[in-house]
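Working through the structure, step by step
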Amino acid sequence: MTVHIVDDDEAIRDSLSWLFRSRGVGVVTWPSGEDFLQNWSPDLQGCILLDMRMDGMSGLEVFDKLIKLHARQPVIFLTGHGDIPLAVECLKQGAADFLEKPFNDNNLVDRVLAALHKAKERAASDRQRDELRRKRTQLSPRENEVLSMILEGLLNKQIADRLEITIRTVEVHRAHIMEKMGARNAVELARLISFSEQD
């Protein structure tokens, strides 16, 4: 678990680093939004603790850039009192949380740990979704046709009539689809396909 602290105030970076490390949380600090964005990648692990007001790029500008990059890491804003309307707007745009300065240390750690836990769950879901999409690419064109009809709720006989093939051939295709997708029945197959198509 890692928290990325983006703040142009060295004293705050140092104190927050000590706070999180004392709770067993890994820390990487960044002195500016520009520096952080230059090193950002989609594979970056953990959550981002972002100061709203910084010299150079503001926290809001960094967040806007992360949105454009389709960043999946949760962002928690550190804000002054006057920034609360902005922070609320950021929540509407997908920020995980915001804390007003001065903040309670325990509350901050708890909120970051919650965001890290959520990020871990989301990463696991992303991996599962990617695996399902990979499995789906292994289906033949005919199997994809049969799959679409299974998802429509058609019976084997109806599928056979529509595709002008035998029921036995439909059964073989159906068995291959279930095996390749790792589904035990049509209901589970529909759930897996629906999950794989989520963003």
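In this numbering scheme, every chain counts its residues from 1 along its sequence in written order. Residue-level local features of this predicted model are given only where pLDDT is at least 70; pairs of side-chain atoms are given and counted only at 80 or more, and the full residue set underlies all totals for whole chains, interfaces and linings. The basis for every side-chain value is the complete set of non-hydrogen atoms in the structure, without hydrogens or water.

Time to look at the domain arrangement of the protein chain. All domain edges in this entry derive from an automatic or database-based domain assignment. Here the protein chain is partitioned into domain 1 (2–126) and domain 2 (139–195). Taking only C-alpha atoms, the centre of domain 1 and the centre of domain 2 are 45 Å apart.

This brings us to the sheet that holds strand S5 (residues 97–100). Taken in spatial order, the 5 strands of this open sheet run S2-S1-S3-S4-S5, and their pairing is parallel. Whereas interior strands pair on both sides, the edge strands pair on one side only; in this sheet they are strand S2 (26–30) and S5. Within this sheet the neighbouring strands show an average axis-to-axis angle of 20°, counted without direction. Note that strand S1 (residues 2–6) and strand S3 (residues 47–51) share 4 bridges and pair parallel. Bridging across to S3, Val-6 finds its partner in Leu-50. Only heavy atoms enter the contact rule, under which two residues are in contact if any of them lie within 4.5 Å. For helices, the axis comes from a line fit to the C-alpha atoms of the stretch in contact; other axes are also lines fit to C-alpha atoms, and the angle between any two N-to-C directions lies between 0 and 180 degrees. A run of H or I in DSSP counts as a helix once it spans at least four residues, and a run of E counts as a strand once it spans at least two, with each numbered from the N terminus. Where helix H1 (residues 10–22) meets the sheet, its contacts fall on S1, S2, S3 and strand S4 (75–79), and the angle it forms with S2 comes to roughly 170°. Running over the sheet, helix H4 (residues 84–92) touches S4 and S5 and is turned about 165° from S5. Strand pairing is assigned whenever DSSP identifies at least 2 bridges connecting the two strands.

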